[in-house]
Each structure stands twice: as structure tokens, then as C-alpha cells.
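# Fold and contact review
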Amino acid sequence: MSTSHRLILSLAGILLGGSALAVQPPQPPAPPAAPAAPSKQINISMGSGDGYALVDSSEDSVTMAGTDVDGQQIKQLQRSLKGQFLWFRDQGKGYVTQDAALLARVRDAWKPSQDLGFQMSGLGKQMSEHGKAMGELGSKMGAHGAAQANVGARDVAQLQALGRQQQELGRKMGEAARRQAQATTEMARRAAGREVERLQQQMEDAQDAMEEVNDRIAAAQEREADKVDALSRQMNQRGKPMETLGKQMEALGRQQEKATKAADKTTRQVIAQALSEGKAKPVR
């Protein structure tokens, strides 16, 4: 028995038996989330030590560390002071310094960490673009999967009609065969025989029609499956750069962690110097 005939008999059994197959389309994979680009406000929680903030009012840029930063004080200082300043807390009191040499040391200390942050932001943008493309591919895969599951609604209806036709032809063939067997005259027997042959030809025609429809359904499903496979390969290709970018982000993250710790150490040394040399003023 050929593959197409087996498919026909299988479909006919389902249709004539009154049951239905529910095919669920494949769900597209969710694209990986890309990290958000850093804003002009950078928050660094060091876990210990008093809080501080390096502020540039002209660029609306703030680099903060510690957990006890007084945002209200910093906003007031931004309105009253021009340019850059360093706000910090010492023994519960707020201080500010605008000493150029001290601020330069803090800026230089934080530059490596900020540069690494910009690099990570660039990688994050690339990841976002790849993630968007993967999301679009996933949507297309879902659409083709649904089409694959629901392909050929008219063809399925035609198969059902052909199945009912074969049922009726089978019933009529049974009746004609009984008439042929029970015929009492040669003429009646020949007439019944011709009826059986005619019905048999109709059965073969219906079988050929079912095979044609089934082949059409199989071809349509295969086309949709090929499209899904092609999209899946594209998805895999898109995933490779994401993995590489993720490793680069991880490496930059480790570098930034070291740079941040070094910058925090330098900043606290500057704060101690500002206090000891009287270059910091209490915030009223």
C-alpha cells in the first residue's frame, strides 16, 4: 500500500468515525531581553561608607554612590551652584566642594568606569536589535505554524464529503451484491452485476479524488513546514551573536566592577582630603 493510500485510509477513518484532530501551532520562542542603556544618572551602591554624588549641573549628569544620598540637598545645590561639584555626607552631615583639583581627581577616577558603561551600552543596543529581529522571526514562525495547523480547510471539507460518498456507495454496492446473489433470472443477475461494476468504478473514482486531495494537503503542509524550518535556521543564526555579545557584556561587567571599586576608593580619599584641608563647606 502506498504512503498516500495509507494517509487516505487514516484520514477516512478519522472522518467517518466522527473524531477530529486538534493540532497546536508551535509557539515562537521569546526573544532574550537586552539590557537598558544607562541614563545620565548613574547609581552605584557600594554597600558601606557615607554616600556622595559627583554632579555636573551644566550637563545634568550625576554619579552617586552609597545608600544615604540626599537627593533633595543635591537638587537645591544644582539650582544654586554652577558647573560641577562634589556632594558628600560625613558623620551624618552634608558637605559640598567645588575645588577644581579635587574634582579633577574624582572625574579621572570615574572615567574608566564610565567608558566601560558606554561600551556596555553599545553592546546592549546591538543585543536589543538582535532581540527585536528574533522577536519578528518568532512572530513569523507562529503565523506559519498556525497556517500549517489549519491548512486546506476546503480540502478537509472535500475529504469529508468524499468519505460520506464512499459510505453511501458501499451501502449501494452491498444492496446490488445481494440482488445479484438472490436473482432468479439471468437478466436480473446481469443487471445487478452491471450495477456493482458501476458502483465499483465510482468507488475507485472517489478513492482517486481522496488521494489527490490528500496529496494537496500534504504538499501545502510541507511548504509551511519548510518555511518554519527556514525561519528556525535564521533564529539560530541570530542567536549566535547574542551569545557572543552576552560574553562580552559579562567581561566588561567584571572590568567595570574593578574600575568602580578603584574610583570609589579614590573619591573617598578626595573627600578625606577636602575635609582635612578645609576645602569642603557644610550644606545649610
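It should be noted that the structure appears before, not after, this text.
Attention in this report is confined to the structure presented alongside it. (Residues numbered from 1 in each chain as written. Predicted model: local features only at pLDDT ≥ 70, side-chain atom pairs only at ≥ 80, totals over all residues. Heavy atoms only, no water.)

### Quick look at the side chain of Gln 73
- Tracing the backbone through its elements, the reader meets Gln 73 in helix H2 (residues 71-80).
- We classify Gln 73 as buried; its relative accessible area is 16%.
- The residues touching Gln 73, leaving out its near neighbours within four places in the chain, are Trp 87, Gly 94 and Val 283. (Helix = DSSP H or I, 4+ residues; strand = E, 2+ residues; numbered from the N terminus. Buried < 20%, exposed > 50% of the residue type's maximum accessible area, 1.4 Å probe, protein only. Contact = heavy atoms within 4.5 Å.)

### Topic: the pattern of salt bridges
- Tallying each qualifying case throughout the model produces eight salt bridges.
- Among the salt bridges present, the one from Asp 264 reaches Arg 268, with a minimum N-O distance of 3.3 Å. Residue Asp 264 and its partner Arg 268 are located together in helix H5 (residues 186-276), separated by four residues, close to a single helical turn.
- Given a relative accessible area of 9%, Asp 264 falls into the buried group.
- For Arg 268, a relative accessible area of 24% puts it in the partly exposed group.
- Note that Glu 277 and Lys 279 form a salt bridge whose closest N and O atoms lie 3.0 Å from each other.
- By relative accessible area, Lys 279 is classed as partly exposed at 34%. (Salt bridge = Lys/Arg side-chain N within 4 Å of Asp/Glu carboxyl O.)

### Considerations on the environment of Asp 205
- Structurally, Asp 205 is set in helix H5.
- Separated by 39 residues in the primary sequence, Asp 205 and Gln 166 have C-alpha atoms spaced 9.9 Å apart.

### Focus: unusual backbone geometry
- The backbone of Gln 91 sits at a positive phi, close to 55°, despite the residue not being glycine.
- With respect to the helices, strands and loops of the structure, Gln 91 is situated in the loop between strand E4 (84-90) and strand E5 (93-97).

### Description of H2
- All of the buried residues along H2 are Gln 73, Ile 74 and Leu 77. Along H2, the residues classed as buried sweep out an arc of 100° about the axis, all on the same side.
- Residues of H2 that are buried in the fold lie against strand E2 (52-56), strand E3 (61-65), E4 and E5.
- The residue sitting at the N-terminus of H2 and contributing the capping side-chain oxygen is Asp 70; that oxygen lies 3.1 Å from the backbone nitrogen of Gln 72. (Arc of directions from axis to C-beta. Polar contact = N/O pair within 3.5 Å; in protein donor to acceptor, adjacent residues only side chain to side chain.)

### Examining the side chain of Asp 56
- Turning to its location among the elements, Asp 56 is positioned in strand E2.
- When neighbours within four sequence positions are excluded, Asp 56 is seen to be in contact with Ser 61, Gly 83 and Gln 84.

### Re the pairing of E4
- Taking burial as the measure, the seven residues of E4 include six buried ones, the bulk of the element.
- As paired strands, E4 and E5 are joined by five bridges and run antiparallel to one another. Looking at the pairing, Phe 88 lines up with Tyr 95 of E5.
- The loop that links E4 with its antiparallel partner E5 comprises two residues; one of these, Gln 91, has a positive phi angle of about 55°. (Pairing = 2+ DSSP bridges.)

### Things to note about the pairing of E5
- Among the five residues that make up E5, four are buried, leaving the element largely enclosed by the rest of the structure.
- Bridge count for E5 against strand E6 (residues 281-282) is two bridges, and the pairing is antiparallel. Bridged to Tyr 95 within E6 is Pro 282.

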